Amino acid sequence: MNAAYIIDALRTPVTRRGGGLADIHPADMGAHVLHSLIGRSTLDSALIDDVIFGCLDTLGSQAFNIARTAWLAAGLSEEVPAVTIDRQCGSSQQAVHFASQAVLSGTADLVVAGGVQNMSTVPISAAAHVDEAYGEPIIGSSGWRERYGPRPLSQFDAAERIALKWGISREDMERFALESHRRALTAIAEGRFAREIVPMDTEAVDTCPRADTSLEKMAGLRALTERGLVTAAVASQNCDGASALLIASERAVREHGLRPRARIVHLSCRGADPTMILTAPIPATRRALDLAGLSVDDIDLFEANEAFAPVVMAWQRELGIDPERTNVNGGAIALGHPLGATGGRLMTTLLHELERTGGRYGLQTMCEGGGLANVTIIERLD
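Residues numbered from 1 in each chain as written. Predicted model: local features only at pLDDT ≥ 70, side-chain atom pairs only at ≥ 80, totals over all residues. Heavy atoms only, no water.

1. Comments concerning the overall build of the protein chain
If you tally the helices and strands in the protein chain, you get 13 helices and ten strands. Taking 2.2 N^0.38 as the reference for a compact globule, 382 residues should give roughly 21 Å; the C-alpha atoms of the protein chain span a radius of gyration of 20 Å, in line with that estimate. Summarising its shape, the C-alpha atoms of the protein chain cover approximately 60 × 50 × 45 Å along the three principal directions. The buried share among the 382 residues of the protein chain stands at 58%. The long-range share in the protein chain, meaning contacts at least 24 apart out of those at least 6 apart in sequence, stands at 82%. By element, 49% of the accessible surface of the protein chain is carried by carbon and sulfur atoms, the whole surface being about 15200 Å². Within the protein chain, the 47 negative side-chain charges are centred at a point lying 4 Å from the centre of the 35 positive side-chain charges. (Helix = DSSP H or I, 4+ residues; strand = E, 2+ residues; numbered from the N terminus. Rg over C-alpha atoms; globule rule 2.2 N^0.38 Å. Buried < 20%, exposed > 50% of the residue type's maximum accessible area, 1.4 Å probe, protein only. Contact = heavy atoms within 4.5 Å. Areas by Shrake-Rupley, 256 points an atom, 1.4 Å probe, with all protein chains shown as cover. Lys, Arg positive; Asp, Glu negative; His and termini not counted. Charge placed at Lys NZ, Arg CZ, Asp CG, Glu CD.)

2. Quick word on the packing of helix H6 (residues 155-165) against helix H11 (residues 309-319)
The N-to-C vectors of H6 and H11 enclose an angle of 35°; their axes lie 9 Å apart at closest approach. At the point where H6 passes H11, the crossing takes the left-handed sense. Two secondary-structure elements touch here, H6 through Ala159, Ile162 and Ala163 and H11 through Pro310, Val311 and Ala314. (Axes fitted to C-alpha atoms, helices over the stretch in contact; angles between N-to-C directions. Left-handed = near helix turned anticlockwise from the far one by under 90°.)

3. Section: the nonpolar core
Ranked by size, the top nonpolar core spans 45 residues in total, and within it Met173, Leu278, Ile299, Phe308, Trp315 and Leu363 carry the most contacts. Tallying contributions element by element places H11 first for this core, with seven residues. Other than its neighbours up to four places away in sequence, Met173 contacts Ala163, Ile168, Leu229, Val234, Ala309, Pro310 and Met313. Counting 38 residues, the second largest nonpolar core, distinct from the first, contains Tyr5, Val33, Val112 and Val198. (Core = buried A, V, L, I, M, F, W, Y, C linked by side-chain atoms within 4.5 Å.)

4. A word on the pairing of strand S4 (residues 82-85)
Of the strand pairs in this sheet, strand S3 (residues 50-54) and S4 are connected by four bridges, and their pairing is parallel. If you follow Ile52 over to S4, its bridge partner there is Val83. (Pairing = 2+ DSSP bridges.)

5. Overview of the packing of aromatic side chains
The final tally for this structure, using the stated rule, is three aromatic pairs. A ring pair is formed by Trp144 and Tyr148, whose centres lie 4.5 Å apart and whose planes are at 45°; its orientation type is tilted. Pair noted here: Trp144 and Tyr148 are both in helix H5 (residues 142-148), with a separation of four residues, about one helical turn. We classify Tyr148 as partly exposed; its relative accessible area is 30%. Measuring from ring centre to ring centre gives 5.7 Å for Phe302 and Trp315, while their planes differ by 80°; the resulting arrangement is edge-to-face. With Phe302 in strand S8 (residues 301-304) and Trp315 in helix H11, this pair connects stretches of sequence that are 13 residues apart. Accessibility expressed as a relative area gives 1% for Phe302, which makes it buried. Residue class for Trp315 comes out buried when judged on its relative accessible area of 1%. (Phe/Tyr/Trp six-rings, centres within 6.5 Å; stacked < 30°, edge-to-face > 60°.)

6. Things to note about the side chain of Ser92
Relative to the helices and strands, Ser92 resides in helix H3 (residues 91-105). A residue is classified by how much of its surface remains accessible, and Ser92, at 0% relative accessible area, is buried. A polar side-chain atom of Ser92 sits 2.9 Å from the main-chain carbonyl oxygen of Gly340. Here Ser92 is in contact with Gly54, Gly114, Gly115, Ser243, Gly340, Ala341, Thr342, Gly343 and Gly344, once residues within four sequence places are set aside. (Polar contact = N/O pair within 3.5 Å; in protein donor to acceptor, adjacent residues only side chain to side chain.)

Below, the structure written as structure tokens:
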């Protein structure tokens, strides 16, 4: 059977909404990381079989197949096709899956996967303005209303429902969030992200982590939900960034003298209750481990996207996952969640942290709109 290998993985810094990357066109942001990825491989860019990029809210500057635009803006081969995909927050993790599946099937040898999002230019709420003119994308469906009711979906309400179901208090979530910031600030201070970040002229480091936050400040924030449990402090930050990985087959490794850094062990996506939105990582991770023939104890490092604190906390409790092996360099609460780029960012960080610590297996998962969750397991190679 064919194998799929990660040859390289890079990302831009992730910066706050309105920060250092805010005025950079999404295509140029994506182009920056793509140009660096291909340049480091020393491959002729025409050898790439496909480019798969994740991006949400493909409106305005993010429209017109941003994957193709970014590739061309990077000055790379016009012969190479590209496609933009939307699996909500898991879009660039799904891009890695599609790239790996192409390689595993034998229909491609070299595929670039990643994503880009400029939330400063195209805010997460931008699609709502389109909905006003063209109809609500979910509850406007009679079939959806018949099955799930007419109530609009809210990720904030879903996060609160998770907290209530698993008995997680607001203070529990705020302590979790504070630890995310502490870990991210430590990682930045120790230079742990230096190898994975491609600096840009406007920014060289991640800027979302808050050194001045505290439990006292978090406790004073206005609640965003009916029961008062969820605030901005326990949610991921809006931000800007891009990521890209090079996935290769055994044949490409051999013919081009590439050095694989990790092997794709498992990839899958599963769904759960779409009205809860955020719980799918639990059954998806359980199933992925079963299919891979691995246990929680076999995994050295976990990356679980911190869309909201209770998502990761419930997932850890349900599966018995050690918090000390999860998001060890901080998560999206501290580092930000540039939607379409986050899956690739998490995979990039997971790979580099496995190399730094000498771990063997890493597992990545994230909740996604529609009640979905991708799971990827990789094995670090010497």
